[in-house]
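This is what each chain is made of:
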Amino acid sequence: MTDQLPEGSAPWLHDIGRWISRGPFRTPFRVRVHGAERMPLEGPVVVVANHSSMVDGPILFGALPRRVVFLIKQEMFKGVVGTLLRKIGQLAVRRGEPDRAPLLAAQKVLRAGGVVGVFPEGTRGSGDVTEAQKGAAWLARSSGAVVVPVACRGTLRPAGTGRRFRPVVDVLVGEPFELPTDKGRQALDKATEQVRDRLATLVAELDSQRGEAR
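Before going into details, it helps to say that this report is about the structure given with it. (Residues numbered from 1 in each chain as written. Predicted model: local features only at pLDDT ≥ 70, side-chain atom pairs only at ≥ 80, totals over all residues. Heavy atoms only, no water.)

Most peptide bonds adopt trans geometry, and most residues besides glycine take a negative phi value. Even without being a glycine, Val129 presents a positive backbone phi close to 60°. Its location among the elements puts Val129 in the loop between β5 (115–118) and α5 (135–143). Take Val129: its relative accessible area is 1%, and that puts it in the buried class. (Helix = DSSP H or I, 4+ residues; strand = E, 2+ residues; numbered from the N terminus. Buried < 20%, exposed > 50% of the residue type's maximum accessible area, 1.4 Å probe, protein only.)

Now for the layout of surface pockets. The volume enclosed by the largest pocket comes to roughly 1200 Å³. Lining the largest pocket are 42 residues, with Phe70, Leu71, Ile72, Lys73 and Phe119 positioned closest to its centre. Of all the secondary-structure elements, those providing two or more residues to the lining of the largest pocket are α1 (11–22), α2 (56–63), β3 (69–73), α3 (79–87), α4 (100–111) and α5. Here the lining of the largest pocket is composed, by residue class, of 23 nonpolar, 11 polar and 8 charged. (1 Å grid on protein atoms, 1.4 Å probe; cavity = no way out; pocket = protein on both sides within 12 Å on 5 of 7 lines; lining within 4 Å. Points joined across faces, edges and corners; volume = space filled by probe spheres on them. Nonpolar A, V, L, I, M, F, W, Y, C, P; charged D, E, K, R; others polar.)

One can find His51 in the loop between β2 (45–49) and α2. Within the local environment of His51, its side chain forms a polar contact with the backbone oxygen of Ser53, the two atoms lying 3.4 Å apart. (Polar contact = N/O pair within 3.5 Å; in protein donor to acceptor, adjacent residues only side chain to side chain.)

Below, the discussion takes up the pattern of salt bridges. The final tally for this structure, using the stated rule, is 9 salt bridges. A salt bridge links Glu175 to Arg38; the shortest N-O distance between them is 3.5 Å. With Glu175 in the loop between β7 (168–173) and α6 (185–213) and Arg38 in the loop between β1 (30–34) and β2, the pair connects residues that are 137 residues apart, well separated along the chain. Glu175 sits in the partly exposed class, given a relative accessible area of 48%. A salt bridge links Arg153 to Asp128, with the nearest nitrogen and oxygen atoms 2.4 Å apart. In this pair, Arg153 sits in strand β6 (residues 146–153) while Asp128 sits in the loop between β5 and α5, placing the two residues 25 residues apart along the sequence. You can call Arg153 buried: its relative accessible area is 11%. (Salt bridge = Lys/Arg side-chain N within 4 Å of Asp/Glu carboxyl O.)

By themselves, these figures tell us nothing about what the structure is for.
The following block contains the structure:
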């Protein structure tokens, strides 16, 4: 495993974290991964995923077949947890304000052939991807990376329900795609909408599959 990680991280600790995410962390869930073979095994990739629960990130961290550097909200980087997140190569980002440092660090990872994970909705919600921020599209366009959409369902407990026993969590990896490289704000807006649409469509596809399974 040679995927690039940010400076100051420990690859061996990153790999231990992925093992924990694939094993002990999954114990409360029944995780099913679909389409993992669609993930390019080399070259720069921006993974875009929907976000509805705190556990989405840890599950995807271990579910995907390559080392992934996720952009994570700054509030998580406190105390021991913050130290561990930095050591396993995750990047802190401030929400709702310009924050170029983590984007430039992520761009460096991509230009070295690594994988960066982004939750383009910017915060947890229904996970239906009705909106998207521009960071993922900017990273892909500025680094030449392909975009891989990933849908995750089953981590959010339905409103009005109690604790669930080992709920089924489905992860669906979509087909890689490239974004146009036209210059300008309008082109970035168009690319961002393309990212949002591809991810929202994949989420709807997974919802349909889960409904048929039930």
